[in-house]
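This is what each chain is made of:
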Amino acid sequence: MTPLARRLRDRIQADGPVTVADFMATALGDPEHGYYMHRDPLGRAGDFTTAPEIGQVFGEMIGLWAAAAWQAMGAPDPVRLVELGPGRGTLMADALRAARALPAFADAVRVHLVETSPALRASQKAALAAHDPTWHGTFAELPEGPAIILANEFFDALPVHQYERHGADWRERLVGLAEGGEALCFVTGPVVDPGAIAAIPAPSGAVLESCPAGRALAGDIGARIARAGGVALIVDYGPDRRAPGESLQAVRDHAARGPLAEPGEADLTAHVDFQTLAGAARAAGAGVQGPVPQGAWLRRIGIETRAGVLLRKANARQAKDILAALHRLTAPDQMGALFKTMAITAPDLPPLAGFEPDAETDAETAPETVQNADPRPA
Ligand code: SAH
């Protein structure tokens, strides 16, 4: 049993089962034993690999996109370049290097990072020392003003509730204790009001997830941007339309684990419900562009051209890495289709790069399903 599993067991013995969201928030964010608090989980030696860790071209494309978005915003100076959950700081470092192509943008940028993990703050400090970033514990702490906000694989770490369909009812799924009172297990909780969980049609036996923390944050981002100007770019995995299914999953050492097996020692994520995030941002007065599949979006903003430039300066081994990264980031069976990009914008902004209407990807497609398979390549 992990220290956090013991603590959860004691809490459940005393007070009864907890929600899945409560379990997830504790497993990831407990100040003492939470997964993100004391480790760097990223990369080959860690538990999972994210797009910026696959190759520099990902962060560079986002930096160029941000520079173009800044121009579309009317080139405010200063502008806050904000990242939510910056991991090792790799995306921000690559983005800022590419942004030097537009010196006026690079000069206007003030870097702000929203990060709870002391371990990852230390990595970010090392990667971004030259840019003198300011750290914040929550989005609400950011100072006012026009902002370009980036969030890659951030929303998938926000806690989800799970609901089970039993006949005509929806019941919350909870985390309780198995017979014997030791091991954590899922138990079925009380009936909930379908309106309160924004239930959608689903057969008996189905599971539905909802992420009130993500919805609230998208609303806060939308309100801020509608008020002070700016854009937010959300990149994450999940279906473009809300769908039933369970996606809560644990990953450790690049392999799937039972979601309740190792709280505090394994990463926990859930698919992001882009439709609900978009609705919350719009309700707060902002515009929304996308979601667009990551592969199509990266191609539209010129990733192949950029990779071509890198290839010209590369030796044989580097060339192999660049082509492998391009494939992992864009191929539909890698990160190109399940991952999406979506922008929350000031209401008057025109379509931003990569979000122009496009016949190929905007065609009606069958709704995607939600499932707990790890979308991240090993
Ligand atoms: N964006 C990075 C890291 C993704 S991992 C990349 O793509 O490589 C998720 C990141 O979000 C980590 O930096 C983690 O510490 C941070 N994080 C998770 N939950 C958070 C929360 N509630 N508030 C702030 N940061 C959080």
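Residues numbered from 1 in each chain as written. Predicted model: local features only at pLDDT ≥ 70, side-chain atom pairs only at ≥ 80, totals over all residues. Heavy atoms only, no water.

### A look at the overall build of the protein
Piece 1. Along its length, the protein carries 14 helices and 15 strands.
Piece 2. Reported as C-alpha extents along the three principal axes, the dimensions of the protein are approximately 65 × 40 × 40 Å.
Piece 3. Burial analysis of the protein (378 residues in total) assigns 52% to the buried set.
Piece 4. Relative to all contacts within the protein whose residues are 6 or more apart in sequence, the contacts with residues 24 or more apart total 76%.
Piece 5. Carbon and sulfur atoms provide 54% of the accessible area of the protein, an area that totals close to 15700 Å².
Piece 6. Separation of charge centres in the protein, based on 34 positive and 46 negative side chains, amounts to 5 Å. (Helix = DSSP H or I, 4+ residues; strand = E, 2+ residues; numbered from the N terminus. Buried < 20%, exposed > 50% of the residue type's maximum accessible area, 1.4 Å probe, protein only. Contact = heavy atoms within 4.5 Å. Areas by Shrake-Rupley, 256 points an atom, 1.4 Å probe, with all protein chains shown as cover. Lys, Arg positive; Asp, Glu negative; His and termini not counted. Charge placed at Lys NZ, Arg CZ, Asp CG, Glu CD.)

### Overview of the domain arrangement of the protein
Many analyses report the size of an interface as the accessible area lost when the parts associate.
Piece 1. Partitioning the protein into domains gives domain 1 (1–34 + 161–210 + 254–272) and domain 2 (51–158 + 211–238 + 282–345).
Piece 2. One C-alpha centre belongs to domain 1, the other to domain 2; they are set 30 Å apart.
Piece 3. Listed per partner, the contact involves nine residues of domain 1 and 10 residues of domain 2.
Piece 4. For the domain 1 and domain 2 pair, buried surface summed over both sides reaches about 780 Å², with 62% attributable to carbon and sulfur atoms.
Piece 5. For the domain 1 face of the interface with domain 2, the top three residues by lost area are Ser210, His271 and Val272, together amounting to 55%.
Piece 6. Our count for the contact surface shared by domain 1 and domain 2 stands at zero salt bridges.
Piece 7. Run the count over domain 1 and domain 2 and you get three residue pairs in polar contact (both at pLDDT 80 or more).
Piece 8. Among the secondary structure elements, those contributing two or more residues to the side of domain 1 that touches domain 2 are helix 2 (20–29) and strand 13 (267–269).
Piece 9. Here the side of domain 1 that touches domain 2 is built from residues that sort into five nonpolar, four polar and no charged. (Domains from an automatic or database assignment. Buried area = accessible area lost by both parts, 1.4 Å probe. Salt bridge = Lys/Arg side-chain N within 4 Å of Asp/Glu carboxyl O. Polar contact = N/O pair within 3.5 Å; in protein donor to acceptor, adjacent residues only side chain to side chain. Nonpolar A, V, L, I, M, F, W, Y, C, P; charged D, E, K, R; others polar.)

### What about helix 4 (residues 56–72)?
Piece 1. The terminal C-alpha atoms of helix 4, which comprises 17 residues, lie 25 Å apart, in line with the 24 Å expected from a rise of 1.5 Å per residue.
Piece 2. Within helix 4, 12 of the 17 residues are buried, leaving the element largely enclosed by the surrounding structure.
Piece 3. Buried within helix 4 are the following residues: Val57, Phe58, Gly59, Glu60, Met61, Ile62, Gly63, Trp65, Ala66, Ala67, Ala69 and Trp70.
Piece 4. Looking one or two residues beyond helix 4, the residue adopting positive phi is Gly74, at roughly 95°. (Expected span 1.5 Å × (residues − 1).)

### So, the packing of helix 4 against helix 11 (residues 303–312)
Piece 1. In contact at an axis separation of 10 Å, helix 4 and helix 11 are set at 125° when each is read in the N-to-C sense. It follows that helix 4 is oblique to helix 11 by the angle criterion. Of the two elements, helix 4 crosses helix 11, and the hand of that crossing is right-handed. Across the interface between the two elements, Gln56, Val57, Glu60 and Met61 from helix 4 touch Ile303, Arg306 and Leu310 from helix 11.
Piece 2. Among the residues forming the contact of helix 4 with helix 11, the class breakdown is four nonpolar, one polar and two charged. (Axes fitted to C-alpha atoms, helices over the stretch in contact; angles between N-to-C directions. Parallel < 35°, antiparallel > 145°, perpendicular 65-115°, else oblique. Left-handed = near helix turned anticlockwise from the far one by under 90°.)

### Details of the pairing of strand 9 (residues 207–210)
Piece 1. Side chains Val207 and Glu209 of strand 9 all project onto a buried face; the interleaved residues Leu208 and Ser210 project onto the opposite face, where all are buried too.
Piece 2. Looking at chain direction, strand 6 (residues 161–166) and strand 9 are connected through four bridges and run antiparallel. Its bridge partner being in strand 9, Gln162 is matched across the sheet by Glu209. (Pairing = 2+ DSSP bridges.)

### A few points about the pairing of strand 6
Piece 1. Of all six residues that make up strand 6, five are buried, and the element is covered over most of its length.
Piece 2. Bridge analysis of strand 6 against strand 7 (residues 169–177) gives four bridges, and the strand direction is antiparallel. Bridge pairing links Arg165 to Trp170 in strand 7.

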